[in-house]
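# Descriptive analysis of the structure
As a plain string of letters, each chain reads:
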Amino acid sequence: LWLTDLDCVWPDAARVFASAPSSPEIGCIYIPYPPDWNPGGVRVSSRSIGELAARMGGPKEVPPWVGGELLTGTPGPLRNLVTACEDLDAELAAKDEVLGTEEQILTLAGALGRVRFRDLSDVAGRIWTGPRHNAPREEDPLSYGLWHLHSEKGLSLRRAARAVRTGRIAPLREDLLDPQRMVRRFNVAGTGLGRRVRDDSWIAAQRIRGTPQQIGRSTLS
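Residue positions are given per chain, counted from 1 along the sequence in the order it is written. Where local features are concerned, this predicted model is filtered to residues with pLDDT of at least 70; where side-chain atom pairs are given and counted, the filter is 80 or more; whole-chain, interface and lining totals use all residues. By convention in this description, side-chain values take in all heavy atoms of the structure and omit both hydrogens and water.

## Comments concerning the overall build of the protein
Helices and strands together make up the secondary structure of the protein, namely 8 helices and 9 strands. Counting only contacts in the protein whose residues sit at least 6 apart along the sequence, the fraction spanning at least 24 positions is 69%. Approximately 12,700 Å² of the protein is accessible, and the part contributed by carbon and sulfur atoms is 53%. Under the DSSP-based scheme used, a helix requires at least four consecutive residues in state H or I and a strand at least two consecutive residues in state E, with every element numbered from the N terminus. Should any heavy atoms of two residues lie within 4.5 Å, those residues are counted as being in contact. For the accessible areas, the method is Shrake-Rupley and the probe is 1.4 Å, while residue cover comes only from the protein chains on display.

Following this line, the structure appears as structure tokens:
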């Protein structure tokens, strides 16, 4: 079973499927955050989770950060993963502690050895896109078989969803069949000024179109 976030694009699904781990391992993406960096500003880092794991009887080391965008395994290990996370939530609650995101609890489960994770970062990657995020250019996006494009929710992924919803899928299908066109459609190789202007104009148009609907919903509520 392959469980992914909705904001994922599969430029080479066959390659990703071929990397499936053997039971009882769970495939995931390790995110190379610095040990003391707090993702999302939530004051929880790899180092702090390692310290928490040590207090709970685990090894005294900084664990790899387990991303939540991709989890894959056979049904048995995935059920065990759910049980392990639920047990950890209960144990933390008994200690008056809490971890608020799935990434944090998954990282703790791995640190304690309650789940055997396997890093699939060689075939799947979290890719920042767009100048708004000061995103570094991804030099070889086609080296991945799966892109997690969390900063494309409101742009290229929304545009693709609209094409599907309106039945205008011929250009989208052509782009998905051509890796180089796919790279451009989903902004994973950087964008020039012209594309940025076009994208910003599209976003502005969507917001203008959505304003009457939002006002109507607010009035009805």
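## Some points on the sheet that holds strand 2 (residues 8–9)
Spatially, 3 strands are ordered 2-9-8 in an open sheet, and the strand pairing comes out mixed. Edge positions in the sheet fall to strand 2 and strand 8 (124–126), since each of these pairs with one other strand and no more. DSSP calls a pair of strands paired once it identifies at least 2 bridges connecting them. Pairing geometry for strand 8 and strand 9 (residues 146–148), over 3 bridges, is parallel. Bridged to arginine 126 within strand 9 is histidine 148.

## Details of helix 3 (residues 75–94)
A helix is expected to span 1.5 Å multiplied by its residue count minus one. The end-to-end C-alpha distance of helix 3 is 29 Å, a good match for the 28 Å that 20 residues give at a rise of 1.5 Å each. When accessible area is computed with a 1.4 Å probe and restricted to protein chains, residues below 20% of their type maximum are described as buried, those above 50% as exposed, and intermediate ones as partly exposed. Those residues of helix 3 that fall on the buried side of the exposure criterion are Pro77, Leu78, Leu81, Ala84, Cys85, Leu88 and Leu92. Around the axis of helix 3, the buried residues are gathered within 110° of arc, so they sit on the same side. Exposed positions of helix 3 whose direction lies more than 90 degrees from the buried face are Arg79, Asn80, Glu86, Ala93 and Ala94. Those residues of helix 3 that are buried lie in contact with strand 1 (2–4), strand 3 (26–28), helix 2 (46–55), strand 6 (70–72), helix 4 (102–111) and strand 7 (117–119). Phi for aspartate 96, located one or two positions after helix 3, is positive at around 65°. Summarising the geometry, the arc corresponds to the directions from the helix axis toward the C-beta atoms.

## Concerning the confidence of the model for the protein
When pLDDT is low, close inspection of the predicted coordinates is not appropriate. Residues with a pLDDT of 70 or more make up 83% of the protein, whose mean pLDDT is 87. In predicted models, pLDDT denotes the confidence assigned by the predictor to each residue on a 0 to 100 scale. Considering only residues more than four positions removed or in separate chains, one finds that residues 215–221, a stretch of pLDDT under 50, has 0 contacts.

## Observations concerning the pattern of salt bridges
When a carboxyl oxygen of Asp or Glu lies within 4 Å of a side-chain nitrogen of Lys or Arg, that pair is called a salt bridge. This structure, assessed with the given rule, holds 9 salt bridges. Among the ionic pairs, arginine 126 bridges to glutamate 103, the shortest N-O distance being 2.6 Å. In this pair, arginine 126 is assigned in strand 8 and glutamate 103 in helix 4, connecting sequence segments 23 residues apart. The class for glutamate 103 is buried, based on a relative accessible area of 14%. The residue arginine 181 makes a salt bridge to aspartate 175 at a minimum N-O spacing of 2.7 Å. Of the residues examined, aspartate 175 reaches a relative accessible area of 12% and is grouped as buried. What emerges from the salt-bridge pattern is a single network uniting Glu174, Asp175, Arg181 and Arg185.

## A look at the packing of helix 3 against helix 4
Where helix 3 contacts helix 4, the two axes come as close as 10 Å, and the packing angle between them is 100°. One way to sum up the angle between helix 3 and helix 4 is to call them roughly perpendicular. Along its contact with helix 3, which presents Leu81, Cys85, Leu88, Asp89 and Leu92, the element helix 4 presents Ile105, Leu106, Leu108 and Ala109. Of the residues in the contact of helix 3 with helix 4, the class split is 8 nonpolar, no polar and 1 charged. Helix axes are fitted only over the stretch in contact, all axes being lines through C-alpha atoms; the angle between N-to-C directions runs from 0 to 180 degrees. Note that the term roughly parallel is reserved for angles under 35 degrees, roughly antiparallel for angles over 145, roughly perpendicular for angles of 65 to 115, and oblique for everything else. In this classification, the charged set is Asp, Glu, Lys and Arg, the nonpolar set is Ala, Val, Leu, Ile, Met, Phe, Trp, Tyr, Cys and Pro, and all remaining amino acids, among them Gly, are polar.

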